[in-house]
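So you can see what is in the structure, the chains are spelled out below.
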Amino acid sequence: MTPAGNRRGALFMVLSMAAFSAEDAFFKAATQLIPAPSAMMGFGLLGMAIFALAALIRGEAPVPRITKGLAIRSGIEVGGRLFYSLALAFAGLGVTSAILQATPLVVVAGAVWLFGEIVGWRRWLAIALGLSGVLLVLRPTGTALDPAALFAVLGMLGFAGRDLATRAAPLSVTNAQLGVLGMGALAVAGLVVQLVTLAPITLPEPMAALRVAGAAVFGCIAYASLTVAMRSGEVSVVTPFRYTRLVFALILAALLFDETPDGIMLLGSALIVGSGLFTLARARPR
């Protein structure tokens, strides 16, 4: 990859993380007006429509042939999106985003167990420090555990499982098709929550509908930008810019939801991000 390609990849990665943060903020704002299951289903269905349209424009089938590996990946993603969406609805945006940053650390640990990859003691130490940062973030007030933040942990584990299961997905599946499946997983997760909680399915008022639509649009922009980023530059150069998502999330959390992180949460976030960057650096080819 050329330096220009790396710069382009880094730029699109930052754009993607900003869009993901905006998606989370729009979704959280929507859940303040309508029940979380209704927001999840609306977001998922609209996102499916956008990605399906993109697939059709490219001459692709919106839904790929479902293989066993793809079914496993989609099932795990349902769990990840379910719990992450619940965390956005009921926990702080900053807390939820900080815990999500631990996903790469869990992926590295899972790759050792599932695929026999070799990880040295330094990276194991970094993983342990990163997970200790998660424990600090789970006490964002410095005085008590936020039970709703546990949804973020479960969501993070689900996303890590999805990333690991991606290896089992056929390479013939396009990005738009994966987008359709991912948004479909979100709609299914919303339906599961609705059936379990017996929450009413609410047709959103105009303001709530705009917030759901904003989440879907920014989600698709984020996904498309992420694809460009990963195909433009070296993975080892571009991937660390994923952590800018936490910066954007903390800014939006403060501006829109009056969330102010304390020292303990900032320390935990620093441990998570620092451990992730160290793990990526150690993984670069020498």
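Residues numbered from 1 in each chain as written. Predicted model: local features only at pLDDT ≥ 70, side-chain atom pairs only at ≥ 80, totals over all residues. Heavy atoms only, no water.

## Quick notes on the overall build of the protein chain
- Each helix and strand in the protein chain was counted, giving 12 helices and zero strands.
- Starting at the N terminus, the α and β elements of the protein chain follow one another as α-α-α-α-α-α-α-α-α-α-α-α.
- Computed over its C-alpha atoms, the radius of gyration of the protein chain comes to 18 Å, within 12% of the 19 Å expected for a compact globule of 286 residues.
- Principal axes of the C-alpha set define a box for the protein chain whose edges measure 55 × 50 × 35 Å.
- A burial count over the protein chain gives 50% of its 286 residues as buried.
- Element-wise, carbon and sulfur atoms account for 72% of the exposed surface of the protein chain, whose accessible area totals about 13500 Å².
- Taken as two groups, the 20 positive and 12 negative side-chain charges of the protein chain have centres that lie 11 Å from each other. (Helix = DSSP H or I, 4+ residues; strand = E, 2+ residues; numbered from the N terminus. Rg over C-alpha atoms; globule rule 2.2 N^0.38 Å. Buried < 20%, exposed > 50% of the residue type's maximum accessible area, 1.4 Å probe, protein only. Areas by Shrake-Rupley, 256 points an atom, 1.4 Å probe, with all protein chains shown as cover. Lys, Arg positive; Asp, Glu negative; His and termini not counted. Charge placed at Lys NZ, Arg CZ, Asp CG, Glu CD.)

## Here's the deal with the nonpolar core
- Residues Phe27, Met40, Phe43 and Leu93 are the most contacted members of the largest nonpolar core, which totals 31 residues.
- Within the residue set of this core, elements represented by two or more residues are α1 (3–31), α2 (36–57), α3 (68–90), α4 (93–100), α8 (175–197), α9 (206–232) and α11 (244–257).
- With six residues, α8 is the largest single contributor of residues to this core.
- Judged by nonpolar contacts, the second largest core, of 20 residues, contains Ala102, Leu138, Val153 and Met265. (Core = buried A, V, L, I, M, F, W, Y, C linked by side-chain atoms within 4.5 Å.)

## What about the packing of aromatic side chains?
- Counted by the stated rule, this structure contains five aromatic pairs.
- Geometrically, the ring pair formed by phenylalanine 27 and phenylalanine 43 is tilted, given 6.0 Å between the ring centres and 40 degrees between the ring planes. You can see phenylalanine 27 sitting in helix α1 and its partner phenylalanine 43 sitting in helix α2, a full 16 residues away along the chain.
- On the basis of relative accessible area, phenylalanine 43 is assigned to the buried category, the value being 3%.
- The ring of phenylalanine 257 carries lysine 28 above its face, with NZ or CZ at 5.7 Å from the centroid. (Phe/Tyr/Trp six-rings, centres within 6.5 Å; stacked < 30°, edge-to-face > 60°. Lys NZ or Arg CZ within 6 Å of the ring centre and 35° of its normal.)

## Regarding the UniProt feature "transmembrane region" (unreviewed entry) in the protein chain
- Mapped onto the present numbering, the UniProt feature "transmembrane region" (unreviewed entry) falls at residues 39–58, 98–116, 178–202, 208–229, 241–257 and 263–281.
- When the span residues 39–58 is considered, its composition is 95% helix and 0% strand, and the gap between its end C-alpha atoms is 29 Å.
- Helix makes up 100% of residues 208–229 and strand makes up 0%, while its end C-alpha atoms are separated by 31 Å. (UniProt positions renumbered as here; feature names shortened; annotations may be inferred.)

## Notes on the packing of α1 against α2
- Running from amino to carboxyl end, α1 crosses α2 at an angle of 140 degrees, the nearest separation of the two axes being 8 Å. Here α1 is positioned oblique relative to α2, judged by the angle of their axes. Along this stretch, α1 crosses α2, giving a crossing that reads as right-handed. For the pair formed by α1 and α2, the contact residues are Glu23, Phe27, Ala30 and Thr31 on the first element and Ala36, Ala39, Met40 and Phe43 on the second.
- Its residues placed into classes, the contact of α1 with α2 shows six nonpolar, one polar and one charged. (Axes fitted to C-alpha atoms, helices over the stretch in contact; angles between N-to-C directions. Parallel < 35°, antiparallel > 145°, perpendicular 65-115°, else oblique. Left-handed = near helix turned anticlockwise from the far one by under 90°. Contact = heavy atoms within 4.5 Å. Nonpolar A, V, L, I, M, F, W, Y, C, P; charged D, E, K, R; others polar.)

## Things to note about the pattern of salt bridges
- Per the counting criterion, the structure on display carries four salt bridges.
- For the salt bridge of glutamate 77 with arginine 73, the shortest nitrogen-to-oxygen distance reads 3.3 Å. Taken together, the residues span about one helical turn, with glutamate 77 and arginine 73 both in helix α3 at a distance of four residues.
- Owing to a relative accessible area of 3%, glutamate 77 belongs among the buried residues under this scheme.
- Close ionic contact of arginine 81 with glutamate 77 constitutes a salt bridge, the shortest N to O distance being 3.0 Å. Linking arginine 81 with glutamate 77, this pair stays in helix α3, spanning four residues, or about one helical turn. (Salt bridge = Lys/Arg side-chain N within 4 Å of Asp/Glu carboxyl O.)

## Concerning the environment of arginine 58
- Topologically, arginine 58 is positioned in the loop between α2 and α3.
- The spatial distance from the C-alpha of arginine 58 to the C-alpha of alanine 176 is 9.2 Å, given a sequence separation of 118 residues.

## What to know about α2
- The end-to-end C-alpha separation of α2 is 32 Å, in line with the 32 Å expected for 22 residues at 1.5 Å each.
- Taken residue by residue, α2 has Ala36, Pro37, Ser38, Ala39, Met40, Met41, Phe43, Gly44, Gly47, Phe51, Ala52 and Ala55 as its buried positions.
- Considering only its buried residues, α2 is in contact with α1, α3, α8 and α9.
- Of the residues one or two after α2, glycine 59 is the one with positive phi, at around 80 degrees. (Expected span 1.5 Å × (residues − 1).)

## Some thoughts on a nonpolar patch on the surface
- On the surface, Leu46, Ile50, Val217 and Ile221 cluster together into a nonpolar patch covering about 270 Å² of accessible area.
- Every element with two or more residues in the nonpolar patch is listed here: α2 and α9.
- Inspection of the secondary structure assignment puts valine 217 in helix α9. (Patch = residues over 30% accessible without salt bridge, like charges linked within 9 Å, V, L, I, M, F, W, Y side chains within 5 Å.)

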